[in-house]
Amino acid sequence: MGRNMEERVVLHADSQRAHTVFPAHLVAEAISTLRGLDLRWSGPITPSEMLYVQQYVYAKYPEYCNGLVEEGDKIDLYALCVNDESSDSMPDDKGKSPRTFGTKDSSSPSFSNNSSDLDRTQLEPSKLLDILTNKSSFQEKFISIPEIQARNRALRNCGLTEDEYSVIFTPTVKEAMMMVGESYPFFRGNYYMTIIGEENDFIRGFVVYKDSKVVAAPEAWLDLRIKGSQLSQYFRRKCKTCPKGLFAYPADVEGTRYSMHWISEAHRNSWHVLLDVTRLDVGKDWLTLALHRPDFVMCTVDNTHGQPSKITCLLVRRKSFDTTAPSAS
């Protein structure tokens with residue numbers, strides 16, 4: 001029997017909890033964190049792995065246990081988590097690049113530890129940095145009603161809030177990607193891993209110009225059932241800098257929807273994430289990105305006040321980036 005990630009796994013909890021059905025992407029997320037597990041894609045899920053999946057999901061997604069997590073149910077998940085990068089950040093590494101923005105504390109591994117490494121990354125001088133800096137000023141708080149309506153639609157469609165995300169309007173998707181490429185701190189030693197086709201990817205040129213490395217991954221790696229283990233292995237690859245770089249992927253390719261699980265796994269392994277949802281029908285496809293919080297989101301909303309009919313929006317997570325202008329020194 002193979003491990004079929006298309007199937008939903010039913011785990012039997014104690015008598016206080018009824019049978020719980022976990023979506024396949026949560027099962028894959030839990031299994032991917034097991035220490036020493038080589039992400040086998042053959043062989044059945046063992047009883048101990050099933051128990052771990054149950055404990056992991058109940059701890060991280062309490063809505064699957066009706067929002068009730070009792071004191072007796074708390075478990076030490078940290079002892080079971082992969083912390084592959086703990087040996088990467090030696091004290092000598094901090095001085096190797098002025099663009100290395102974080103160091104790891106390997107003494108206290110946790111789900112939020114890697115996330116904190118991604119916070120307040122300094123953006124490079126750029127158009128995007130200027131816009132984000134101005135948006136925090138008093139004058140920029142006065143915007144037109146159509147802008148407010150478009151901003152609110154973009155946030156609502158993505159399941160995000162104004163408190164956590166800034167919304168920038170751009171003429172085209174190309175312009176949005178170029179703003180990200182110009183501002184993101186690519187340099188020799190970090191990576192840009194992308195599953196966006198080369199003809200539609202306008203970040204790659206900036207990556208090459210800044211001496212960073214492009215990792216062009218095939219779309220098949222997004223499939224949890226087939227090649228997902230290879231994407232997971234790339235996330236966990238050794239890197240002397242933190243963050244490791246930017247991971248970009250589309251939520252939809254020709255009608256095939258891909259899991260948001262990859263956002264959480266990338267964050268857990270110290271990658272920023274750009275999610276492209278421009279191909280989704282924003283009027284019908286509602287996203288719940290608040291569960292995953294990508295660092296950049298590209299989306300489109302209907303323009304109810306004229307032409308063009310669609311407005312391209314770039315959403316930037318406020319906590320992820322430092323929008324103060326870097327010092328001249």
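Data block above holds the structure.
Throughout, a residue's number is its position along its own chain's written sequence, starting from 1. Side-chain atom pairs in this predicted model are given and counted only at pLDDT of 80 or more, local residue features only at pLDDT of at least 70, and totals for whole chains, interfaces and linings cover all residues. Neither water nor hydrogens contribute to the side-chain values; these are computed over all heavy atoms in the structure.

**Side note on the state of the cysteines**
Step number 1: Note on terminology: pairs of cysteine sulfur atoms within 2.5 Å are recorded as disulfides. This model, assessed by the stated rule, comprises 0 disulfides.
Step number 2: Cys299 takes part in no disulfide bond, and the closest cysteine sulfur to it belongs to Cys158, at a distance of 4.2 Å.

**Brief notes about unusual backbone geometry**
Step number 1: Here the bond from Cys242 into Pro243 is cis, since omega is 5°, no more than 30 degrees from zero.
Step number 2: Structurally, Pro243 is set in the loop between α8 (228–235) and β7 (245–250).
Step number 3: Even without being a glycine, Glu254 presents a positive backbone phi close to 50°.
Step number 4: Strands here mean DSSP runs of E at least two residues long; helices mean DSSP runs of H or I at least four residues long; both are numbered from the N terminus. Note that Glu254 resides in the loop between β8 (252–253) and β9 (256–257).
Step number 5: The exposed category is assigned to Glu254, whose relative accessible area is 77%.
Step number 6: Of note in the backbone geometry, Ser270 takes a positive phi value of approximately 70° without being a glycine.
Step number 7: Structurally, Ser270 is set in the loop between α9 (261–268) and β10 (271–276).
Step number 8: For Ser270, a relative accessible area of 1% corresponds to the buried category. Each residue is placed in one exposure class: buried if its accessible area under a 1.4 Å probe, protein chains only, is under 20% of its type's maximum, exposed if it is over 50%, and partly exposed if it falls in between.

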